[in-house]
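Chain by chain, the residues:
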Amino acid sequence: MHLLILLRRHAPPSVLWMAAAFVAIAALELGLGLTVTLAADAAPETRWAARDLGVLLLGCLLFYAAQTFLLRRAMDTLVQSLQSAAEAVIHGIGRNAGAGSRSGADKSRADHAAEAVSLLTDPAIPSALAACIVVAVQSFVLVLCGLVYLAAVSKIACILASVILLLIAASRTLGRWGTAAPFEAIRDHQRSAYRTLLSLSSQRRRLALDQGSSGGLKGRLLADIHAIAALHRSTHRDIAQDSTVQQILYFLLLGGLIFMVPLVDPGFQDRMLGAAAVAIFLFGPLSAALNTMPLFDAADVAARQIMDLGREGGLAEARPDDRFMAFAELRLEGIRTDAPEAAGAESAPLDITIGRGRFVAIVGPAGSGKTRLADVLMGLAEPASGRIWVDRAVVGPETRPSLRQLFALAEECGGQGMGVAPAGTAEASALLDLMRLGARERSALRDGIALSAAERMHVEVARSALSDRPIVVLDGILDGADPAWRANFLASVLPRLTSAGRTIVLLTRQPDLARSADLRVDLAREAVPA
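These lines cover the structure that appears in this document, whether it is placed above or below. Source: prediction; values computed, not measured. (Residues numbered from 1 in each chain as written. Predicted model: local features only at pLDDT ≥ 70, side-chain atom pairs only at ≥ 80, totals over all residues. Heavy atoms only, no water.)

A short note on helix α8 (residues 211-264)
Going by this rule: Under the scheme used here, helices are H or I runs from DSSP no shorter than 4 residues and strands are E runs no shorter than 2 residues, and both carry numbers assigned from the N terminus. Helix span, as expected, comes to 1.5 Å for every residue beyond the first. Bending is quantified residue by residue as the angle between axes fitted to the seven-residue window ending at that residue and the seven-residue window starting at it.
Spanning 54 residues, α8 covers 78 Å between terminal C-alpha atoms, matching the ideal 80 Å at 1.5 Å per step. Residue glycine 256 marks the point of greatest curvature in α8, where the axis turns by about 40°.

Side note on the packing of helix α14 (residues 426-434) against helix α17 (residues 483-499)
The condition that has to hold: All axes are obtained by fitting lines to C-alpha atoms, using only the stretch in contact for helices, and the reported angles, taken between N-to-C directions, cover 0 to 180 degrees. For classification purposes, angles smaller than 35 degrees are called roughly parallel, those larger than 145 roughly antiparallel, those between 65 and 115 roughly perpendicular, and all remaining angles oblique. Two helices that cross are described as forming a left-handed crossing if the nearer one is turned anticlockwise from the farther one by less than a right angle, and a right-handed crossing if clockwise. In this description, contact between two residues means that some pair of their heavy atoms is separated by no more than 4.5 Å. Side-chain classes are defined by residue name, with Ala, Val, Leu, Ile, Met, Phe, Trp, Tyr, Cys and Pro counting as nonpolar, Asp, Glu, Lys and Arg as charged, and the others, Gly among them, as polar.
Where α14 meets α17, the closest approach of the two axes is 10 Å, and the angle between their N-to-C directions is 165°. Judged by the angle between their axes, α14 and α17 are roughly antiparallel. Where α14 crosses over α17, the two elements pack in a sense that is left-handed. Contacts from Glu427, Ala430, Leu431 and Leu434 of α14 reach α17 at Asn488, Ser492, Val493, Arg496 and Leu497. Split by residue class, the contact of α14 with α17 holds 5 nonpolar, 2 polar and 2 charged.

Remarks on unusual backbone geometry
Stated precisely, the cut-off is as follows: Note on exposure labels: buried denotes an accessible area under 20% of the residue type's maximum, exposed denotes more than 50%, and partly exposed covers the range between, all computed with a 1.4 Å probe on protein chains only.
Positive phi values are uncommon outside glycine, yet aspartate 391 reaches one of about 55°. Tracing the backbone through its elements, the reader meets aspartate 391 in the loop between β4 (385-390) and β5 (393-394). Overall, the relative accessible area of 32% leaves aspartate 391 in the partly exposed class. Even without glycine at this site, arginine 436 takes up a positive phi of about 60°. You can see arginine 436 is positioned in the loop between α14 and α15 (439-447).

What to know about the pattern of salt bridges
For clarity, the threshold we go by: For this analysis, a salt bridge means a side-chain nitrogen from Lys or Arg found within 4 Å of a carboxyl oxygen belonging to Asp or Glu.
Going through the model one piece at a time under the given rule, you end up with 10 salt bridges. Residues glutamate 333 and arginine 387 are paired through a salt bridge, measuring 2.9 Å at the closest nitrogen-oxygen approach. One end of the pair, glutamate 333, is in strand β1 (residues 329-336); the other, arginine 387, is in strand β4, with 54 residues separating them in the sequence. Look at arginine 387 and you get partly exposed, because its relative accessible area is 41%. For arginine 520, the salt bridge is made with aspartate 522, and the minimal N-O distance between the two is 3.6 Å. Relative accessible area serves as the criterion here: at 22%, arginine 520 is assigned to the partly exposed category. A relative accessible area of 11% means that aspartate 522 is categorised as buried. It is possible to trace a salt-bridge network through shared partners that takes in Arg331, Glu333 and Arg387.

So, the sheet that holds β4
Put simply, the rule reads: When DSSP locates at least two bridges between a pair of strands, those strands are taken to pair.
Spatial ordering of the open sheet is given by β2-β1-β4-β5, a layout of 4 strands whose pairing is antiparallel. At either margin of the open sheet sits one strand with a lone partner, and together these are β2 (350-355) and β5. Where β1 and β4 come together, 5 bridges link them in antiparallel fashion. The residue of β4 that forms the bridge with arginine 331 is tryptophan 389. In this fold helix α12 (residues 370-378) packs onto β1, β2 and β4, with an angle of close to 125° to the strand it touches most, β1.

Observations concerning the environment of arginine 463
Counting through the fold element by element, arginine 463 comes out in helix α16 (residues 453-466). In sequence terms arginine 463 and arginine 446 are 17 residues apart; their C-alpha atoms lie 9.7 Å from each other.

Thoughts on α12
Of all 9 residues making up α12, 7 are buried, and the element is well covered by its neighbours. Within the span of α12, buried status applies to Lys370, Leu373, Ala374, Asp375, Val376, Leu377 and Met378. Looking at the residues trailing α12, positive phi occurs at glycine 379, about 80°.

Below is the structure:
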């Protein structure tokens, strides 16, 4: 059900055309079956083998062309639908990132989003699902038409076939309850294994020194793999039992048509061969449709996870614009980043005015709320109380996305691989020279290559400085930088940026870095001019 909702939500308009094509090709397939059946039922004197064979070959050619075209279109449509779903997930990640929360729950949602996107981009999924959908729809049409044919031949035969087919469907549906739950558990173990692999790859050096932790992570990964294998084996037993029951019921149907129905309906004897052919013909499509259910169960679990991600992403925000890009003054009025009872009785609301082209330093020890205050300033989090003004306009929910367009952020955990091509201007080249970036660091600005920790800091600062945003926020990144490089940045690069009208907001634990600031915000005291 979740898979169908997801496809309906993201499917292109051609999906309606495809539904009609499914029915048309199923009718063509039914025509092939009826050609064989009617030829078998025809009187010997009216049979014309050459004509019947020619009609059959022509129908096969038409079926080949139509089925091939439909499968290709179905795969294309599924790829487009899954692409749209993946884009929605990615946009949801961006909205969650913009919410400013850094909790473990948000990290978990990001992990789920990464898994969902990787699942949607799996090349095997479109082809497998497309084939299954085509088989399921066509099988339903064929079974329905076959029952209509049996009803025309003998009502007793139609009732018997309907009862047997319902028993087969009920057996498979009941067995589905035994296989749907393991798919949920399998996804949970896959998620756990995914996180463990991330830990193993991201902490190679530390784990090489700590064999105990390394062994624990490897043991956890092996446990997840063993659990996944055991869950798969548990579904195999149910699937095998269901398949066997289907075959037994099918043999009972054939036996009933051949031995029982003629006793009740003597006139059925002349039509028995055609009815048996139809019964044989029906079993293949029905079994194919029922055997696709495990794949649909797995896809349904993934689709529900994707839909949950979409709901967590919330409503789409207003589109940002450049209404604030020419700002002259940014003002925080009565801002509290936490509720008064959480902040403590001595914590006073903050009133900060940041002029364009100024150097502002926010100083405080670890855990003092520097990053939280910066998130409020950048529009990534809502304050517990107070307002943000841009010139004479108050920032509200509808203008917060536009506020974010003012900021470029450089932080210690900046994303490696987020390279940007430096602007090919003399000013940009001069700035890079002034920042003393080496060849590898300049290359990383474009390509996001692997760097050392110090080089990543340099590239992260350079990336924000080269951006077109008027305000650069340096969130603790200078605290761990090389002292000589940091001194050069503060003495040479920072004044050049502010003289060009760029505003620099420095978050630091080291009061010495705020000596040249135009405005210093000490979170233990009120904001004071430097």
